[in-house]
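# A structural walkthrough
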Amino acid sequence: LDPENSLVAHLLGQLKLQAGELDEAKAAFDRARELAPEWALPREHLAYVHRMQENPQAAVDEQTKLIEQQPTRAGSYVNRAFALVELSQFEMAAGDYATAIELEPENEQIYYHRGVFRLARQAYEEALADFDRALTIDSAFANARLYRAHVLLNLKRYDDAISDFSKLIEKFPDDPRASAGRANAFVAMGKFDAMQADNERLEQLDPEYFAHHSWQLRVAELVSLRHQEEYQQALQVAEQMIEAQPQAAIGYWSRAYVRWDLEELVEADEDLTLALDLEAGIMRTQILSSRGQVRAEMGEWTAALEDLDVAIADCRQAGWTVNLAQAL
């Protein structure tokens, strides 16, 4: 009825996007962009569709055109940063976040997104500064508090992490994420009774989430026991993990770390090799790094370098600074 109406074309694109019909959404946003070339939203949505279709370079190109058209629009830099991260262009993404903050220094969302970006890069102190700033601007920003708590957990500032998790539990008692996070903090501190209380609460609150999270708790428990040099107990936890899920890499990887602590290097190498055979996901990089370090301690220099070279390349590709440092 009105084929020249850019608003209708854009609204159609949004509906198609929500329905998961990406090709149709892309066509509608393309049409809206043609009808209203100065209108930013169709370009923004078009870039998002490109990302959904796993074409981040097209998303970058679209956002770049939008930035050239409207260089003071902070959101365009943030959205381009999302796509640049998918291309592993981390320095350029960091530059876009910095520009966005220069343009809107009181926008808590930009600090939050940069904090998430920095957390994923394992830049914990910098991420903490961003989440602190976001919460200074908006103290009720729940996701910023949740992510800050996880940063504090990585920095081993357990009391501060528990404080943030507890505030979230008080405000959002039905959200399982804060209970799970606080349980992790209690485990790291060796407060297993407090962890168990949160664990039981989590199981009642969301059984499915609890089942997924229980593995993280076992790993956290094992790490805590290793730090306390309770190696036999840690070994028992790893054995229980393997018995419960013999086809999961995490149990063998965890047992390898305990055996590494006990200087049982041949056995640790065997467990890490088993873990690699079972793991096809992102943990492969860390397992390779661990096996390379074990093999270096065994004096197996060539085999160690083969593992570590791959791990270093993968860490650089993913932007993992801590894991990269360990592998180097």
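Thresholds applied
- Residues numbered from 1 in each chain as written.
- Predicted model: local features only at pLDDT ≥ 70, side-chain atom pairs only at ≥ 80, totals over all residues.
- Heavy atoms only, no water.
- Core = buried A, V, L, I, M, F, W, Y, C linked by side-chain atoms within 4.5 Å.
- Buried < 20%, exposed > 50% of the residue type's maximum accessible area, 1.4 Å probe, protein only.
- Contact = heavy atoms within 4.5 Å.
- Helix = DSSP H or I, 4+ residues; strand = E, 2+ residues; numbered from the N terminus.
- pLDDT = per-residue confidence, 0-100.
- Phe/Tyr/Trp six-rings, centres within 6.5 Å; stacked < 30°, edge-to-face > 60°.
- Polar contact = N/O pair within 3.5 Å; in protein donor to acceptor, adjacent residues only side chain to side chain.
- Salt bridge = Lys/Arg side-chain N within 4 Å of Asp/Glu carboxyl O.
- Expected span 1.5 Å × (residues − 1).
- Arc of directions from axis to C-beta.

## Here's the deal with the nonpolar core
Where a protein is soluble and globular, its nonpolar side chains tend to be buried together. Ala144 and Val151 are the most contacted members of the largest nonpolar core, which has 47 residues in total. In this structure, Ala144 is in contact with Tyr112, Phe131, Ala134 and Leu135, ignoring residues within four places of it in sequence.

## Digging into the environment of Leu11
With respect to the helices, strands and loops of the structure, Leu11 is situated in helix H1 (residues 6-18). Taking C-alpha positions, Leu11 is 55 Å from Leu225, a pair spaced 214 residues apart along the chain.

## Some words on the confidence of the model for the protein
Low-pLDDT portions of the prediction should not be read for the details of their coordinates. This prediction gives the protein a mean pLDDT of 93; 100% of its residues lie at or above 70. The least confident element of the protein is helix H13 (residues 207-227), whose mean pLDDT is 82; the most confident is helix H8 (residues 124-137), at 98.

## A short note on the packing of aromatic side chains
Under the defined criterion, the tally for this structure stands at seven aromatic pairs. A ring pair is formed by Tyr112 and Phe141, whose centres lie 5.1 Å apart and whose planes are at 45 degrees; its orientation type is tilted. One end of the pair, Tyr112, is in helix H7 (residues 108-120); the other, Phe141, is in the loop between H8 and helix H9 (142-154), with 29 residues separating them in the sequence. You can call Tyr112 buried: its relative accessible area is 10%. Since its relative accessible area comes to 10%, Phe141 is described here as buried. One aromatic cluster is present, built from ring pairs that chain together Tyr112, Phe131, Phe141 and Tyr147.

## Considerations on the side chain of Asp198
Here Asp198 shows up in helix H12 (residues 192-205). At a separation of 2.7 Å, a polar atom in the side chain of Asp198 contacts the side chain of Arg182. Those residues in contact with Asp198, other than ones at most four positions away along the chain, are Ser179, Arg182, Ala183 and Phe186.

## Some points on the pattern of salt bridges
Applying the stated criterion across every chain, the model contains 27 salt bridges. A salt bridge links Glu62 to Arg43; its shortest N-O distance comes to 2.5 Å. Of this pair, Glu62 sits in helix H4 (residues 56-69) while Arg43 sits in helix H3 (residues 40-52), placing them 19 residues apart in sequence. Owing to a relative accessible area of 12%, Arg43 belongs among the buried residues under this scheme. The salt bridge partner of Arg182 is Asp198, with a shortest N-O separation of 2.7 Å.

## A short note on H13
An ideal rise of 1.5 Å per residue puts 30 Å on 21 residues; H13 measures up with 30 Å between its terminal C-alpha atoms. Check the buried side of H13 and you find it contacts helix H11 (176-188), H12, helix H14 (231-244) and helix H15 (249-261). In the segment just after H13, Glu229 is the residue with positive phi, at about 60 degrees.

## Re helix H6 (residues 90-103)
When the terminal C-alpha atoms of H6 are compared, their 20 Å separation across 14 residues agrees well with the 20 Å that a helix rising 1.5 Å per residue should span. Of the positions making up H6, those classed as buried are Phe90, Ala93, Asp96, Tyr97, Ala100 and Ile101. The buried residues of H6 all sit within an arc of 135 degrees when viewed along its axis, so they share a single face. In H6, those exposed residues whose orientation departs by more than 90 degrees from the buried face are Glu91, Met92 and Glu102. Among the structural elements, helix H5 (74-86), H7 and helix H18 (301-318) are those in contact with the buried residues of H6.

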